[in-house]
Amino acid sequence: DRLDGANVISTLGALHRELREELPKDPLLAASCLTVVQDEDLRSLLEPIAAQARPLSARARALVTDGAGQGQVVELLVELSPGGRGVWTVQPCSDEVRLSVQLAVAAALGTEAGRFGMRWQLSGPFAGQRIRGPSLGLAAAVATRAAREERIVPASWAFTGSVELDGRL
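Residues numbered from 1 in each chain as written. Predicted model: local features only at pLDDT ≥ 70, side-chain atom pairs only at ≥ 80, totals over all residues. Heavy atoms only, no water.

A. Region of the structure containing the side chain of Ser94. By the element assignment, Ser94 lies in the loop between strand S3 (87-88) and helix H4 (95-109). Contacts of Ser94, omitting those with residues within four sequence positions, involve Arg130, Ile131, Arg132 and Gly133. (Helix = DSSP H or I, 4+ residues; strand = E, 2+ residues; numbered from the N terminus. Contact = heavy atoms within 4.5 Å.)

B. Structural detail: the environment of Ala147. Relative to the assigned elements, Ala147 resides in helix H5 (residues 136-148). Sequence separation between Ala147 and Leu80 is 67 residues; the distance between their C-alpha atoms is 7.0 Å. In contact with Ala147, not counting residues within four places along its chain, are Leu56, Ser57, Ala58, Val78 and Leu80.

C. Inspection of the environment of Ala53 at higher detail. If you trace the backbone, Ala53 turns up in the loop between helix H3 (40-50) and strand S1 (56-66). Counting along the chain gives 25 residues from Ala53 to Leu28, while the straight-line C-alpha distance between them is 6.0 Å. Not counting residues within four places of it along the chain, the set of residues in contact with Ala53 comprises Pro27, Leu28 and Pro82.

D. Inspection of H5 at higher detail. Between the first and last C-alpha of H5 there are 18 Å, a value that for 13 residues agrees with the 18 Å anticipated at 1.5 Å per step. The buried fraction of H5 amounts to ten of the 13 residues, a majority that puts the element mostly inside the structure. Within H5, the full set of buried residues consists of Leu136, Gly137, Leu138, Ala139, Ala140, Ala141, Ala143, Thr144, Ala146 and Ala147. Of the residues flanking the end of H5, it is Glu150, one or two places downstream, whose phi is positive at about 55 degrees. (Expected span 1.5 Å × (residues − 1). Buried < 20%, exposed > 50% of the residue type's maximum accessible area, 1.4 Å probe, protein only.)

Given below as structure tokens:
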């Protein structure tokens, strides 16, 4: 069924009433609620809880191929923003790379994927150079999971390979 404007407002009103009864203690949940809550009084109660959420970051080494077909080891930095949306980068790359990273993030976060926005970038010799192919996906999945669990990926490890939405490599 489609929701008309009145039903959407009614649904948000029910959410507001429910939250007033018991505010979420989880900063990530509070940050997610702020994206839909319109009541200013409720927002003022949720904002201090959501402020406790901080971006999570991790690094992983990846094997990538540039536009000329040359392979290199690069460092991939990911940052997860609680309550954010989407997967983005300023790194020049093909649509295949963008899709590969989006699938990897979805697989790495599972049901929590909607609770975070993810930004990624490469450092080292490929920073600013156009990359192509799906092989950045595995490094993106590992770095994303490491960020979520606040773990460090050993610097001596490097990853290459694509990740399917179901987690298969």
